[in-house]
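# Examination of the molecular architecture
Okay, here's what each chain looks like letter by letter:
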Amino acid sequence: MLNLILFGPPGAGKGTQSEKIIAKYNLIHLSTGDLLRSEIQAGTELGLQAKTLMDKGILVPDEVVIGMIDNKLKEHRSAAGFIFDGFPRTVKQAEALDNLLASYNEGISVMVALSVDDDELLARLLNRGKTSGRPDDQNEELIAKRIQEYNSKTKPVADYYQEQGKFVAINGIGEIDFIFEEISNAIEAA
């Protein structure tokens, strides 16, 4: 089973590349945002817990998110693998994900990180903001804060997988198909 974490700051091209990865490798896409929305919509116990917290402006705890991921793993036991998007964001979450996968005799195959310098990210997000309508993509201060948050909180996760020999950095600047080819090479090497 191929279990891939696609990693990178906002605007690095994860959305574009994840679609291509899913199509080529027939993976199940696990986005924490999508998981939360679908569990809430389905009215599951975890979804109701998450909604109560979110309505109060409280972050959903790791164990609830891990529980939702576990539900998806159970639901798709015969899947070719999973692509994790937006999770894990902390070393604690990475450890919890590793423990969950180990309970299925699985693990993370590779973490692919799209590297893009901050100036390029700013330009991409401002450009995306013109068409997306997302207010967080239209404000330079907010964008800078999101990039800083990513750099400070999620870099340790990259280090965590680097120590396991599962981390590969890919230059996220260039032609989309060339970047995808580099990602494919990293996946196949894993």
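This report concerns the structure included in the present document.

### Concerning helix H1 (residues 14–25)
Compared with the 16 Å implied by 1.5 Å per residue over 12 residues, the 16 Å span of H1 between its first and last C-alpha is a close match. Close packing links the buried residues of H1 with strand E1 (2–7), strand E2 (28–31), strand E3 (81–85), strand E4 (110–115) and helix H8 (176–189). Trailing H1 by a residue or two, Asn 26 shows a phi angle of about 55 degrees, which is positive.

### Re the nonpolar core
Ranked by internal contacts, the top residues of the largest apolar core, which has 30 residues, are Ile 5, Phe 7, Ile 69, Phe 84, Leu 97 and Tyr 161. Listed by contribution, the elements that provide at least two residues to this core are E1, helix H2 (32–42), helix H3 (45–55), helix H4 (62–75), E3, helix H5 (91–103), E4 and helix H7 (140–163). No other element matches H4, which puts six residues into this core. If near-sequence neighbours (up to four positions away) are discounted, Tyr 161 is found in contact with Ile 5, Pro 88, Ala 94, Leu 97, Asp 98, Ile 108, Met 111, Lys 166 and Phe 167. Of all hydrophobic cores here, the second largest spans 22 residues; its members include Val 112, Leu 125, Ala 186 and Ile 187.

### As for the packing of H3 against H4
Taken N-terminus to C-terminus, the directions of H3 and H4 make an angle of 150 degrees; their axes are 10 Å apart at the nearest point. The angle between H3 and H4 places the two elements in the roughly antiparallel class. Here H3 and H4 pass one another in a crossing that is left-handed. Along its contact with H3, which presents Leu 46, Gly 47, Gln 49 and Ala 50, the element H4 presents Val 64, Gly 67, Met 68 and Asn 71.

### A short note on the pattern of salt bridges
For the structure on display, the rule yields 11 salt bridges. For Arg 128, the salt bridge is made with Asp 137, and the minimal N-O distance between the two is 2.7 Å. Residue Arg 128 is classed as partly exposed on the basis of its relative accessible area, which comes to 32%. The class for Asp 137 is buried, based on a relative accessible area of 0%. Between Asp 159 and Lys 155 there is a salt bridge whose closest N-O contact spans 3.0 Å. Here Asp 159 pairs with Lys 155, and both are found in helix H7, just four residues apart, close to one helical turn. Look at Lys 155 and you get partly exposed, because its relative accessible area is 48%. Through salt bridges that share partners, Arg 128, Asp 137 and Arg 146 make up one connected network.

Conventions used here
- Residues numbered from 1 in each chain as written.
- Predicted model: local features only at pLDDT ≥ 70, side-chain atom pairs only at ≥ 80, totals over all residues.
- Heavy atoms only, no water.
- Helix = DSSP H or I, 4+ residues; strand = E, 2+ residues; numbered from the N terminus.
- Expected span 1.5 Å × (residues − 1).
- Contact = heavy atoms within 4.5 Å.
- Core = buried A, V, L, I, M, F, W, Y, C linked by side-chain atoms within 4.5 Å.
- Buried < 20%, exposed > 50% of the residue type's maximum accessible area, 1.4 Å probe, protein only.
- Axes fitted to C-alpha atoms, helices over the stretch in contact; angles between N-to-C directions.
- Parallel < 35°, antiparallel > 145°, perpendicular 65-115°, else oblique.
- Left-handed = near helix turned anticlockwise from the far one by under 90°.
- Salt bridge = Lys/Arg side-chain N within 4 Å of Asp/Glu carboxyl O.

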